[in-house]
Amino acid sequence: MDDRLTCILCPIGCELEVSRVGDKFEVKGNECDKGLAFAADEVLHPKRNLATSVPASGTTARMISVRLTGGVPREMIFPILAEIAKLRPALSVRRGQVLIANVLGTGVDVIATRTLLF
Ligand code: SF4
């Protein structure tokens, strides 16, 4: 099995060619060793982060931007978005404030990304 990936760990953005034979990998195109770990994670345990916004409690005019504190398995993105859609945070939040701890048992929190004080 061959995969082509772009390493996103630094601005160079190496184009990686990943060949998998059994449980072994061969990676070409990486300019440093970080690309090896990136390729293995992407092939074996792909994770994604997400950022979105939700309306503050009692209004649809004030949106509060949120993101995850880390990557989650790709198949968890839509279930987590559904959990986030239920959120109606208070109108005043601080950047980094946890709005959902350990969302759906992933070990990752949903946090506010900016301070809004009213
Ligand atoms: S392989 Fe290394 S040099 Fe290339 S994009 Fe990834 S981190 Fe940057």
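Up top is the structure these notes are about.
First, a word on scope: everything that follows refers to the structure included in this document. Nothing here was measured: the structure is a model prediction, and the numbers come from that model. All residue numbers here refer to positions counted from 1 along the written sequence of the relevant chain. Only residues with pLDDT of at least 70 get local features here, since the model is predicted, and only at 80 or more are side-chain atom pairs given and counted; chain-wide, interface and lining totals rely on the full set of residues. Water and hydrogen atoms play no part in the side-chain values, which are based on all heavy atoms of the structure.

**Structural notes on the site of the ligand**
Phase 1: Think of it this way: one heavy atom of a residue within 4 Å of a molecule or strand is enough to make that residue near it. Surrounding the ligand, one finds Cys 7, Leu 9, Cys 10, Ile 12, Gly 13, Cys 14, Asn 30, Glu 31, Cys 32, Lys 34 and Gly 35.
Phase 2: Among the residues making up the shell around the ligand, the classes are represented as six nonpolar, three polar and two charged. Any residue outside Ala, Val, Leu, Ile, Met, Phe, Trp, Tyr, Cys, Pro, Asp, Glu, Lys and Arg is labelled polar, Gly included; the first ten of those are nonpolar and the last four are charged.

**Brief notes about the sheet that holds strand β5 (residues 51-55)**
In sheet architecture, strand pairing relies on hydrogen bonds along the backbone and comes in two forms, parallel and antiparallel.
Phase 1: Pairing between strands is defined by DSSP: at least two bridges between the two strands are required. Every helix listed is a DSSP run of H or I at least four residues long, and every strand listed is a run of E at least two residues long, numbered separately from the N terminus. Spatially, four strands are ordered β5-β6-β9-β8 in an open sheet, and the strand pairing comes out antiparallel. What marks the edges here is a single partner per strand, and that holds for β5 and β8 (98-100). Taking the axes of each pair of neighbouring strands and ignoring which way they run, one obtains an average angle of 40° across the sheet.
Phase 2: Two elements, β8 and strand β9 (residues 110-112), share two bridges in a ladder whose sense is antiparallel. Looking across to β9, one finds that Ile 100 is bridged to Val 110.
Phase 3: For this analysis, residues touch if any pair of their heavy atoms sits within 4.5 Å. To get an axis, a line is fitted to the C-alpha atoms, and for a helix only the part in contact is used. The angle between two axes follows their N-to-C directions and goes from 0 to 180 degrees. Relative to β5, helix α2 (residues 77-85) is tilted by about 25°, and along the sheet it contacts β5, β6 (63-68), β8 and β9.

**What to know about the nonpolar core**
Phase 1: In terms of nonpolar packing, the biggest core is built from 19 residues, with Ile 64, Val 66, Leu 68, Ile 80, Ile 84, Leu 87 and Val 110 touching the most fellow members.
Phase 2: Contributing elements (two or more residues each) for this core: β6, α2, β8 and β9.
Phase 3: Not counting residues up to four positions away in its chain, the partners in contact with Ile 80 are Leu 50, Leu 68, Val 72, Val 103, Leu 104 and Thr 106.
Phase 4: The definition of a nonpolar core used throughout is a set of buried Ala, Val, Leu, Ile, Met, Phe, Trp, Tyr and Cys residues joined through side-chain atoms within 4.5 Å. In this scheme, a residue with accessible area under 20% of its type's maximum is buried, one over 50% is exposed, and one in between is partly exposed, where area comes from a 1.4 Å probe on protein chains only. Counting residues in each nonpolar core, the second largest holds nine residues, with Leu 5, Val 18, Val 27 and Ala 39 among its members.

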